[in-house]
Amino acid sequence: IAEEKLQDSFPYSPEIMAATTENLVTLGELKKAIEHCELSLHYQPKVRIADGMVCGAEALMRWTHPTRGNIPPGMFIPRAEQSTLIQLITEFALKQAMEQIVVWERYGIRIPIAVNISTRNLLQPDFSDFIAKLIDQYGIRAELLELEVTEGSLMVDIEQTVAEMMKLAGLKIIMSVDDFGTGYSSLQYLHKLPISFIKIDQSFVSRSPADRGAAGILEVAVDLAHKIGIKAIAEGVEDEKVYTFLHSIGCDMAQGYAITHPLAPDAFKSWYERCNG
Ligand code: C2E
Ligand code: CA
Ligand code: CA
Ligand code: CA
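These remarks concern the structure in this document. (Residues numbered from 1 in each chain as written. Chains lettered and ligands numbered in written order. Predicted model: local features only at pLDDT ≥ 70, side-chain atom pairs only at ≥ 80, totals over all residues. Heavy atoms only, no water.)

### Let's talk about the overall build of the protein
Note the threshold: A run of H or I in DSSP becomes a helix once it reaches four residues, and a run of E becomes a strand once it reaches two; helices and strands are each numbered from the N terminus. Relative accessibility decides the category of a residue: with a 1.4 Å probe and only protein chains considered, values under 20% of the type maximum give buried, values over 50% give exposed, and everything between is partly exposed. Residues are treated as being in contact if the distance between any of their heavy atoms lies within 4.5 Å. Residue burial considers only the protein chains on display, and all accessible areas are found by Shrake-Rupley using a 1.4 Å probe. Counted charges follow a simple rule, with Lys and Arg positive, Asp and Glu negative, and His plus the chain ends left uncounted. Lysine's charge is taken at NZ, arginine's at CZ, aspartate's at CG and glutamate's at CD.
Across its full length, the protein holds 14 helices and nine strands. Based on the C-alpha atoms only, the size of the protein along its principal axes is roughly 45 × 40 × 40 Å. Taken across its 277 residues, the protein has 49% of its residues classed as buried. For the protein, contacts bridging at least 24 residues in sequence account for 71% of all contacts bridging at least 6. About 13100 Å² of surface is accessible on the protein, with carbon and sulfur atoms providing 53% of the total. Distance between charge centres in the protein, computed from 25 positive and 37 negative side chains, equals 4 Å.

Here is the structure:
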C-alpha cells in the first residue's frame, strides 16, 4: 500500500522517501505537527476542458517536518485514519480552506475549494452540523466548499453515509466521488447520492488512450456521469495526449501535472491570474 501511495504522490526526493519509509510517523509526531503548525495546504487547479478556464481547486495536505523535510500525505493520512486524529486533520483542512476561500474572494478568485474527507468523518454523527458551524463562523458561501469522498468509503456504512451526504448537500456544499473506478461502489446507490462530480481515478487516466481497456473504462465513466446528470473530472492528467483524448470523449474537467502540480497559495494566485485573468 505504501508503495502505491508513494507513486500517486508529489515527487519528493528519494532521500526523504527513504527516511520516511524507514521510520514511519507515529500518531504522537502527527499530533505535534498539528500543534506546531507544520501542516499546510497546497492547491491544484481543476480546469474546464472546453475552454481551459480554472473552475476549482483541490486542497492537498503538506507536512514540512523540521528535520525530515517534506512528508507526503500518503505517509501520514492513512496512519491518522486509524485513529480519531483524522478528525483533527480534517478540521485543520476545513478551517485552512475556508480561510483561503475568504482571502481569494477578496482578490476576485471565486472558485470552490475541495477538501478531502475520510470515511471516518462521514461516520461522525454530527459531521454536517460541525461543517455548518464552520461555514457560519468563517462567513463563506457553502457553494464555494466542495468535499471529495472516496468511492471506497461510500460503501462502509451506506445508510449513514447517504444520510450525512444528504445533509451536507442540503447545506449547498458540493459533493464529489473521488478515485472513481477503484472502490466498487454499487451503481444502485450512485444515482441516489447527492453528488455533482465523479473524479475518475488516475490509474485509468494515465494509461489512456494507449491502453484500450483503461481508455474504454474512462469513456464509459464519462458517459455514466452524463447519463445520471453529473460531471466527470479526470485526475492525474500528465500529458497533452491524454488531454486531447479527454476532449474527444467529452470529459468535462481535468486535473494533473500537465496543467500544473499542486501550488502554495501565493503561487496558485499568480498562476490563476495568468490563466483566468
Ligand atoms: P487524491 O485525493 O487522489 O489526490 C490526488 C493525488 O495525485 C495528490 O497526491 C496529487 O498531488 C497527485 N497528482 C496530481 N496530479 C497528478 C498527476 O498528473 N500525476 C500523478 N502521478 N499524481 C498527480 P498527494 O498530494 O500526495 O495526496 C495523496 C493522497 O493523500 C490524496 O489522494 C488523498 O487521498 C490524501 N490526502 C491529501 N491531502 C489530504 C487531506 O487534507 N485530507 C485527507 N483526508 N486526505 C488527504
Ligand atoms: Ca482527492
Ligand atoms: Ca483521487
Ligand atoms: Ca488516489
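### Section: the packing of helix α3 (residues 27–35) against helix α5 (residues 85–106)
Definition in use: The angle between two axes is taken between their N-to-C directions and runs from 0 to 180 degrees, where each axis is a line fitted to C-alpha atoms and a helix contributes only its stretch in contact. Roughly parallel here means an angle under 35 degrees, roughly antiparallel means over 145, roughly perpendicular means 65 to 115, and every remaining angle is called oblique. Handedness of a helix crossing follows the sense of rotation of the near helix relative to the far helix, less than a right angle counterclockwise being left-handed and clockwise being right-handed. Three residue categories are used. Nonpolar comprises Ala, Val, Leu, Ile, Met, Phe, Trp, Tyr, Cys and Pro, charged comprises Asp, Glu, Lys and Arg, and polar comprises the others, including Gly.
Two numbers describe how α3 lies on α5: the axes approach to 11 Å, and their chain directions differ by 25 degrees. The orientation of α3 relative to α5 falls into the category roughly parallel. As for how α3 packs across α5, the hand of that crossing is left-handed. Residues L27, L30, K31 and I34 of α3 pack against L85, L88 and I89 of α5. Of the residues that constitute the contact of α3 with α5, the class distribution is six nonpolar, no polar and one charged.

### Description of the site of ligand 1
Stated precisely, the cut-off is as follows: If even one non-hydrogen atom of a residue comes within 4 Å of a molecule or strand, that residue is called near it. Side-chain atoms alone can form a polar contact between residues adjacent in sequence; in general such a contact is a pair of N or O atoms within 3.5 Å, and within protein one must be able to donate a hydrogen while the other accepts it.
Surveying the vicinity of ligand 1 reveals 23 residues, the closest of which are Q44, M61, R62, E238 and Y257. At 3.2 Å from an oxygen atom of ligand 1 is found a side-chain nitrogen or oxygen belonging to E58. Between ligand 1 and R62 there is a distance of 2.9 Å, counted from an oxygen atom to a side-chain nitrogen or oxygen. For ligand 1, the accessible surface in isolation is 800 Å², of which the surrounding protein chains cover 94%.

### With respect to the packing of helix α7 (residues 127–138) against helix α9 (residues 158–170)
At a closest axis distance of 9 Å, the pairing of α7 and α9 adopts a crossing angle of 20 degrees. Taken together, the axes of α7 and α9 lie roughly parallel to each other. The crossing of α7 and α9 is right-handed. Between α7 and α9, the contacting residues are F127, S128 and I131 on the first element and E164, K167 and L168 on the second.

### Comments concerning the environment of H191
As for its position among the elements, H191 is in the loop between α10 (187–190) and β7 (197–200). Separated by 39 residues in sequence, H191 and I230 have C-alpha atoms that sit 9.3 Å apart.

### Structural notes on the coordination of the calcium ion (ligand 2)
Angles at a metal have ideal values that depend on geometry: 109.5 degrees with four tetrahedral donors, 90 or 180 degrees with six octahedral donors. As a reminder of what qualifies: Water is not part of the atom set, so a site may look incomplete; the donors themselves are N, O and S atoms within 2.8 Å of the metal, or 3.2 Å for Na, K and Ca.
For the calcium ion (ligand 2), the full set of protein donor atoms is E58 (OE), N116 (OD1), E148 (OE) and D178 (OD), and the range of their distances to it is 2.2 to 2.3 Å. The sequence pattern describing where the donors of the calcium ion (ligand 2) fall on their chain is E-x57-N-x31-E-x29-D. Here the calcium ion (ligand 2) and the calcium ion (ligand 3) are spaced 3.9 Å apart, with D178 acting as a shared donor. Of this pair, N116 sits in strand β4 (residues 113–117) while D178 is found in strand β6 (residues 174–180), placing the two residues 62 residues apart along the sequence. N116 gets classed as partly exposed once you look at its relative accessible area, which sits at 29%.

### Quick look at the coordination of the calcium ion (ligand 3)
Protein ligation of the calcium ion (ligand 3) involves D178 (OD), D179 (OD), E235 (OE) and E235 (OE), the donor distances falling in the range 2.2 to 2.5 Å. Exposure remark for D179: the relative accessible area of 24% places this residue in the partly exposed category. By relative accessible area, E235 is classed as buried at 8%.

### A short note on the pairing of β4
Let me state the cut-off plainly: When DSSP locates at least two bridges between a pair of strands, those strands are taken to pair.
The buried fraction of β4 is high, at four of five residues. With two bridges joining them, strand β2 (residues 54–65) and β4 adopt parallel strand pairing. Looking at the pairing, A57 lines up with I113 of β4. Pairing between β4 and strand β5 (residues 145–150): five bridges, direction parallel. Paired with A114 across the two strands is E146, which belongs to β5.

### What about the layout of surface pockets?
The criterion, for reference: Definitions used throughout: a 1 Å grid over protein atoms alone; a cavity as a set of points that fits a 1.4 Å probe which cannot get out; a pocket as an open set with protein on both sides within 12 Å along at least five of seven lines; a lining residue as one with an atom within 4 Å of a point. Grid points are joined across faces, edges and corners, and a volume is the space filled by probe spheres set on the points.
In this structure, the second largest pocket encloses a volume near 210 Å³. Lining the second largest pocket are K46, R48, C55, R110, I111, P112, E146, I174, F197, K231, D252 and M253. Broken down by class, the residue content of the lining of the second largest pocket amounts to six nonpolar, no polar and six charged.

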